[in-house]
Amino acid sequence: IKNITDYGVFVDLGGIDGLVHITDIAWKKINHPSDLLEIGAQVKVKFLKYDEAITRLSFGIKQLTADPWTDVNKYFEVEKNYDGEVSGITVQGVFLSINYFDVFIHTTELSWLKKPPHPSKIVQIKDKLSVKLIEINKEKRKLNFSLKQLKANPWDEINNKFNVGDTVD
């Protein structure tokens, strides 16, 4: 590895340089190539393409291993619980890392509240969570999980706890 940038790493193949784009380094999402690689490291790469117009060689590292999505059903089963680490938080939800997969919990699956708070009010980066798999979408390469489904829905028992006209604190 000759150089590391935000968008990938440049490799020297004995006088010929080529780029391994950040999306071709690992099957799971990485924030920066330096999270996995360092300058001077020896890496095996697979030739992906040559762009003659701009004389650029493109290589891949992840292509030397099997795509984990081809056997996703070996790793995951709908309705089962899994442990993961929070790797990202957005207004739409939370990203977790579980094995080789980056998975998602939509905001509506974080809490039983009708209007859930911002995900950062519920979890933080690096938090360890136990979550329930609710959908495998191989075509979109998405795994959707739920945090709230690990707890009983409080709305199911509301009539057993309160009656119309009750005064509560």
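See above for the structure.
Residues numbered from 1 in each chain as written. Predicted model: local features only at pLDDT ≥ 70, side-chain atom pairs only at ≥ 80, totals over all residues. Heavy atoms only, no water.

Before going further, it helps to spend a moment on the sheet that holds strand E10 (residues 142-146). Spatial ordering of the closed barrel is given by E6-E7-E8-E10-E9, a layout of five strands whose pairing is mixed. In this sheet, neighbouring strand axes are inclined to one another by 55° on average, regardless of whether the strands run parallel or antiparallel. Bridge count for strand E7 (residues 93-98) against strand E8 (residues 101-106) is six bridges, and the pairing is antiparallel. Residue pairing in the sheet places Phe-95 in a bridge with Phe-104 of E8. (Pairing = 2+ DSSP bridges. Helix = DSSP H or I, 4+ residues; strand = E, 2+ residues; numbered from the N terminus. Axes fitted to C-alpha atoms, helices over the stretch in contact; angles between N-to-C directions.)

A word on the pattern of salt bridges. Under the definition given, this model contains seven salt bridges. When the shortest N-O distance is used, the salt bridge between Lys-74 and Asp-71 registers 3.9 Å. Overall, Lys-74 belongs to the exposed group, its relative accessible area being 69%. On the accessibility criterion, Asp-71 (32% relative accessible area) is partly exposed. A salt bridge links Glu-85 to Lys-128; the shortest N-O distance between them is 2.3 Å. One end of the pair, Glu-85, is in strand E6 (residues 81-89); the other, Lys-128, is in strand E9 (residues 128-137), with 43 residues separating them in the sequence. Owing to a relative accessible area of 24%, Glu-85 belongs among the partly exposed residues under this scheme. Taken together, the salt bridges that share partners define one network made up of Glu-85, Lys-126 and Lys-128. (Salt bridge = Lys/Arg side-chain N within 4 Å of Asp/Glu carboxyl O. Buried < 20%, exposed > 50% of the residue type's maximum accessible area, 1.4 Å probe, protein only.)

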